[in-house]
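Overview (structure and organization)
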Amino acid sequence: MAPAAAPGPGGSGRGGRCPGRRRLRSPGGSGGGSAPGQRGQRGARPGQRPQPAAIRDGPAEPRRGTENRGLRIATRAAMDLAEALPLGELAAAFASLPVFPLFDTAYFIISVLYLKYEPGAVEMSRRSPFASWLCAMLHCFGSYILADLLLGEAPVGHFSHNSSVILATAVWYLMFFCPMNLFYKCASFLPLKLVLVAMKEVVRVRKIAAGVHHAHHLYHHGWFVMMATGWVKGSGVALMSNFEQLLRGVWKPETNEILHMSFPTKASLYGTVLFTLQQTHWLPISEANLIFFFTMFMIVCKVFMTATHSHASPFAPLENLICPVLFGSGSSGHPGHHHDHHGASHEVSHPPPPPAKSKEELNEGTRKRKAKKAE
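On a predicted model such as this, the values are computed, not experimentally measured, just so you know.

**Section: the overall build of the protein chain**
Each helix and strand counted, the protein chain has 16 helices and 0 strands in total. Buried residues in the protein chain amount to 30% of all 375 residues. Relative to all contacts within the protein chain whose residues are 6 or more apart in sequence, the contacts with residues 24 or more apart total 69%. Total accessible area on the protein chain is roughly 24900 Å²; 65% of this is exposed by carbon and sulfur atoms.

**Section: the environment of V99**
Relative to the helices and strands, V99 resides in the loop between α3 (87–95) and α4 (102–117). Spatially, the C-alpha atoms of V99 and V202 are 8.2 Å apart, while their sequence positions differ by 103 residues. Here V99 is in contact with D104 and R206, once residues within four sequence places are set aside.

**What to know about the pattern of salt bridges**
For the structure on display, the rule yields 4 salt bridges. A salt bridge links E244 to R248; the shortest N-O distance between them is 2.7 Å. The residues E244 and R248 share a single accessibility class, namely buried. In this structure, K266 engages E319 in a salt bridge whose closest nitrogen and oxygen atoms are separated by 3.0 Å. One end of the pair, K266, is in helix α12 (residues 263–279); the other, E319, is in helix α14 (residues 316–327), and 53 residues separate them in sequence. Across the pair, exposure class does not vary: K266 and E319 are buried alike.

**A short note on the packing of α12 against helix α13 (residues 287–308)**
Here α12 crosses α13 at 170°, and the two axes come no closer than 11 Å. With respect to α13, the axis of α12 lies roughly antiparallel. Across the interface between the two elements, F263, P264, A267, G271, L274, F275, Q278 and Q279 from α12 touch E287, L290, I291, F294, M298, C301, K302 and M305 from α13. Split into classes, the residues belonging to the contact of α12 with α13 amount to 11 nonpolar, 3 polar and 2 charged.

**Some words on the nonpolar core**
One recurring pattern in soluble globular proteins is that nonpolar side chains are buried together. Counting 51 residues, the largest nonpolar core has F108, V112, F141, M175, F176, F263 and F275 as the members making the most contacts within it. Among the secondary structure elements, those contributing two or more residues to this core are α3, α4, α5 (121–127), α6 (129–150), α7 (162–177), α9 (190–218), α12 and α13. The dominant element in this core, judged by the number of residues it contributes, is α9, at 11 residues.

**Remarks on α13**
Over its 22 residues, α13 extends 31 Å from the first C-alpha to the last, a length consistent with the 32 Å expected when each residue adds 1.5 Å. Taken together, the buried positions of α13 are occupied by L290, I291, F292, F294, T295, M298, I299, C301, K302, M305 and T306. Looking at the buried positions of α13, the neighbouring elements they touch are α3, α4, α9 and α12. Downstream of α13 by one or two residues, H309 has phi in the positive range, about 55°.

**Some details on the packing of aromatic side chains**
What the rule picks out here adds up to 18 aromatic pairs. Relative to F315, the ring of Y270 has its centre 4.8 Å away and its plane inclined at 90°; by these criteria the two rings are edge-to-face. You can see Y270 sitting in helix α12 and its partner F315 sitting in the loop between α13 and α14, a full 45 residues away along the chain. Aromatic side chains F297 and F315 sit 6.0 Å apart centroid to centroid with 45° between the ring planes, which places their arrangement in the tilted category.

**Focus on the packing of α4 against α9**
Contact geometry of α4 with α9 gives a least axis separation of 8 Å together with a crossing angle of 110°. With respect to α9, the element α4 is oriented roughly perpendicular. For the crossing formed where α4 meets α9, the hand is left-handed. Judged by residue contacts, L102, F103, D104, A106, Y107, I109, I110, S111, L113, Y114 and Y117 of α4 engage K193, L196, V197, M199, K200, V202, V203 and K207 from α9. Looking at the contact of α4 with α9, its residues break down into 14 nonpolar, 1 polar and 4 charged.

**Some points on unusual backbone geometry**
With an omega of 5°, the peptide bond between F100 and P101 qualifies as cis. By the element assignment, P101 lies in the loop between α3 and α4. Its identity as a non-glycine residue notwithstanding, N181 has a phi of 55°, on the positive side. Counting through the fold element by element, N181 comes out in the loop between α7 and α8 (182–188).

**Here we look at the side chain of E319**
Judged by its relative accessible area of 17%, E319 falls in the buried class. Excluding residues within four positions of it along the chain, E319 makes contact with K266, Y270 and P324.

**A few points about a nonpolar patch on the surface**
Taken together, the side chains of F130, L134, F243, L246, L247 and W251 define a hydrophobic patch exposed on the protein surface, amounting to about 630 Å² of accessible area. Elements with a contribution of two residues or more to the nonpolar patch: α6 and α11 (241–247). The element best represented in the nonpolar patch is α11, accounting for 3 residues. Within the secondary structure, F130 is located in helix α6.

**Examining the side chain of S241**
Looking at where S241 falls in the secondary structure, it is placed in helix α11. Residue class for S241 comes out buried when judged on its relative accessible area of 15%. Among residues more than four places away in sequence, those in contact with S241 are T255 and E257.

Conventions adopted
- Residues numbered from 1 in each chain as written.
- Predicted model: local features only at pLDDT ≥ 70, side-chain atom pairs only at ≥ 80, totals over all residues.
- Heavy atoms only, no water.
- Helix = DSSP H or I, 4+ residues; strand = E, 2+ residues; numbered from the N terminus.
- Buried < 20%, exposed > 50% of the residue type's maximum accessible area, 1.4 Å probe, protein only.
- Contact = heavy atoms within 4.5 Å.
- Areas by Shrake-Rupley, 256 points an atom, 1.4 Å probe, with all protein chains shown as cover.
- Salt bridge = Lys/Arg side-chain N within 4 Å of Asp/Glu carboxyl O.
- Axes fitted to C-alpha atoms, helices over the stretch in contact; angles between N-to-C directions.
- Parallel < 35°, antiparallel > 145°, perpendicular 65-115°, else oblique.
- Nonpolar A, V, L, I, M, F, W, Y, C, P; charged D, E, K, R; others polar.
- Core = buried A, V, L, I, M, F, W, Y, C linked by side-chain atoms within 4.5 Å.
- Expected span 1.5 Å × (residues − 1).
- Phe/Tyr/Trp six-rings, centres within 6.5 Å; stacked < 30°, edge-to-face > 60°.
- Left-handed = near helix turned anticlockwise from the far one by under 90°.
- Patch = residues over 30% accessible without salt bridge, like charges linked within 9 Å, V, L, I, M, F, W, Y side chains within 5 Å.

Written out as structure tokens, the structure is:
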């Protein structure tokens, strides 16, 4: 067979084009001179690669596929970002961070600062320094004392850590007896106080986790023991407030923390429930991650409340929604109590008649009247 003749440079055949240039053919296959605006008008064939113009001007199905592909790309990018962030390593490093002496110092400063806010605390420190020191130690180590009492251990066991006791004593002395009250003014400076409050919440959450872990080691299936131990570890100072008031010579039973829970007490209760579920493998999260996330929650809430001088609990909206459904409304009166109160007021307005006078009293009155007549 004779070889095909090579076309000339100016030939009009297929070989007349540049060898390295790819020939674009229209779907109809009518020739190579089709205009670019006519490409993709009849749709891409099953075996043909779609052109950009067909994707841009095509029907709704290609657009839906493009949106899904964009969503998949965004999801993959988010997953890659989450994998790139060392969140697990950060939580593990945060959970293993030692709290002594830096965080413990902040905890002692805020605890003794709140003690100085109490009415009569400054006068008591001048009048009885030892009673003031005892109150300060209760504010600093009251949670350990209550937890040891619950678990049947020595309540003075934590006082064997001489460094912690000396540090707390130094903070107490500087807070109450520093010249020109400089230490108190520095601790009360709001930006520094917010930092100290945040550091105190780190210690609080760590104590809750340690209390639940210690109770789980002693009572593997004692859920309520774990919850009680973690709760008093996180809010033991508030739960001992009545006893601490007795040391200051104040008795206010209406300030019972169990009757009127503050935000730290409620948060410690809810947090110890989470840590108990995690410790018993009912909550699928590692202890380090739970410590990290719950600490961040406590820091945000407590710093915001301190900065705005607010005492409203962040749990109030949820409690107002759930508590009336589960426990009923607490605004209903007690008729018996009101009847007793009204009866008491009626007796006060109409006292009983005085007892009758004796014969000696009557004779004495008669003699006085006769003496006045004679005069």
